[in-house]
Amino acid sequence: MERKENRQLDEHRQKQMLLIDQLQEKTILTADELKELLVERDQIVIEYLCKKASTICERHYGRKIYARALIEFTNYCRNDCLYCGIRSSNKKIERYRLSDQEIFDCVNEGYQLGFRTYVLQGGEDAYYTKRKIGMIVKKIKENCPDCAVTLSFGEWDRAVYEYWYECGADRYLLRHETADKMHYQTLHPCKMSFDHRRRCLSILKEIGYQTGAGCMIGSPGQTPDLLVKDLLYMKEFQPHMAGIGPFIPQKDTPFASEPSGTVAMTLKMLAIVRLLLPKILLPSTTALATVHPMGRDYGIFAGANVLMPNLTPQRVRGKYILYDNKISTGAESAQKIAFLKEKLNAVGYELCMERGDSLMQEKIQ
């Protein structure tokens, strides 16, 4: 009996590894085959998947892990997404906005530390008007012409996106969150539209931004079939970047009692996305490091190649609470960059401070 079970296990592993090899060789897998990889629990198969993804990443980007300086400039938001700690109806958090000068001071500090990409992230805060954001982007680009500016600031009209692009914004992050319309509506208030989110992503790419999509892993109501939809959407959309991290509940939201997404599923999604889109930029997220102390390293071993150290002023850093228990040990901050370099060097990687543009950009040049 034991011999038969071992033989069945070997046959299963061979089958799954063949699927991974086919994915690496750019064979389009069916939805059912992608689902098989997502629900896989055999640790040997999962390690094989992650190793293949890491190898593909190295083929295109070498052993470089690109650093982006994250500046969380406002925690005000007009939206009321059910999973988010800075949702408009949350009256228990202390709101803040950084002044223009505070943002410029963050950039200046980052430049001295060696950063050449800045990610300006915030809730959809109308205080920061089209022209105000445009002015901030222009001044950063004037003072640091060798740097890239990434905006992560939600849904706006085409004219707004075009204006910011003309002002010098290079990239835009807007996670699609889920590729299933019904699931999207369970995560967002009724005034937010699945179709509008998709249109915004298409517009950003049409304008010329290096465009980032992405999804939460383990969000309430999510199933492996829905994750397959996410994979197929990203394969079709061809984003330059993708933010993929575990859902983590926040105590002052309707999803406060929901379980977090798992490290295992997040790593499988990262690895499969890397194999589907070999030249994509993939962050190993703070959320992944929050659910497991080695999460950030595991993400890199699964094909991620971007880290976003936090350059937000210390006095407000703890107020940007998208989810609970966000790591704040100091090791995740931009000021601890030397420690991060040593940590990556110890496992054979190099922290790269240059712009690090997505090689997916080659497809549209």
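Heads up: these notes are all about the structure in this document. (Residues numbered from 1 in each chain as written. Predicted model: local features only at pLDDT ≥ 70, side-chain atom pairs only at ≥ 80, totals over all residues. Heavy atoms only, no water.)

Spatially, S2-S3-S4-S5-S6-S7 is the arrangement adopted by the six strands of the open sheet, whose pairing is parallel. The sheet is open, and its two edges are formed by strand S2 (69-74) and strand S7 (241-246), each paired on a single side. This sheet shows a mean twist of 20° between the axes of neighbouring strands, independent of strand direction. When strand S5 (residues 171-173) meets strand S6 (residues 210-217), the two strands line up parallel, connected through three bridges. Bridge assignment links Arg171 to a residue of S6, and that residue is Gln210. Of the strands in this sheet, S5 and S6 touch helix H8 (residues 194-207), which is tilted by about 150° from S6. Where helix H9 (residues 224-237) meets the sheet, it contacts S6 and S7, and its direction lies at approximately 175° from that of S6. (Pairing = 2+ DSSP bridges. Helix = DSSP H or I, 4+ residues; strand = E, 2+ residues; numbered from the N terminus. Axes fitted to C-alpha atoms, helices over the stretch in contact; angles between N-to-C directions. Contact = heavy atoms within 4.5 Å.)

Before going further, it helps to examine the pairing of strand S1 (residues 64-67). When S1 meets strand S9 (residues 350-352), the two strands line up parallel, connected through three bridges. Its bridge partner lying in S9, Tyr66 is registered against Cys352. Two strands pair when backbone bridges link them, and S1 and strand S8 (residues 306-307) are joined in this way by two bridges, in the parallel orientation. Bridged to Tyr66 within S8 is Val306.

With five of five residues buried, strand S4 (residues 148-152) is to be regarded as a mostly interior element. Burial along S4 is two-sided: the residues Ala148, Thr150 and Ser152 and Val149 and Leu151 are all buried. Bridge analysis of strand S3 (residues 117-122) against S4 gives five bridges, and the strand direction is parallel. Of the residues in S4, the one forming a bridge with Thr117 is Ala148. Considered for its hand, the β-α-β crossover made up of S3, helix H5 (residues 130-143) and S4 is right-handed. Here S4 runs beside S5; their pairing, made up of two bridges, is parallel. Across the sheet, Leu151 pairs through a bridge with Tyr172, a residue of S5. Taken together, S4, helix H6 (residues 158-167) and S5 constitute a β-α-β crossover, and its handedness is right-handed. (Buried < 20%, exposed > 50% of the residue type's maximum accessible area, 1.4 Å probe, protein only. Right-handed = clockwise from strand over helix to strand, strands pointing away.)

This part is about the sheet that holds S1. Taken in spatial order, the three strands line up as S8-S1-S9 in an open sheet, and their pairing is parallel. The sheet terminates laterally at S8 and S9, the two strands that pair on one side only.

On to unusual backbone geometry, then. Not every positive phi belongs to a glycine, and Lys26 is a case in point at roughly 70°. Mapped onto the fold, Lys26 is located in the loop between helix H1 (2-24) and helix H2 (31-38). Positive phi values are uncommon outside glycine, yet Gln238 reaches one of about 60°. Within the secondary structure, Gln238 is located in the loop between H9 and S7.

Quick look at the environment of Asp32 now. In this structure, Asp32 sits in helix H2. When the C-alpha positions of Asp32 and Asp225 are compared, they lie 8.6 Å apart, and in sequence the two are 193 residues distant.

Membership of the largest hydrophobic core comes to 105 residues, with the highest contact counts inside it found for Tyr161, Trp164 and Tyr172. The biggest single contributor to this core is helix H10 (residues 263-276), with ten residues. Apart from the residues within four sequence positions on either side, Trp164 is in contact with Thr129, Lys130, Ile133, Gly134, Val137, Leu151, Phe153, Trp156, Ala169, Tyr172 and Tyr209. In terms of nonpolar packing, the next biggest core, distinct from the first, is built from ten residues, Tyr61, Leu70, Val119 and Leu281 among them. (Core = buried A, V, L, I, M, F, W, Y, C linked by side-chain atoms within 4.5 Å.)

Counted by the stated rule, this structure contains 26 salt bridges. Among the ionic pairs, Asp170 bridges to Arg355, the shortest N-O distance being 3.7 Å. Here Asp170, found in the loop between H6 and S5, pairs with Arg355, found in the segment after S9; they are 185 residues apart in sequence, far enough to count as distant. Judged by its relative accessible area of 16%, Asp170 is buried. (Salt bridge = Lys/Arg side-chain N within 4 Å of Asp/Glu carboxyl O.)

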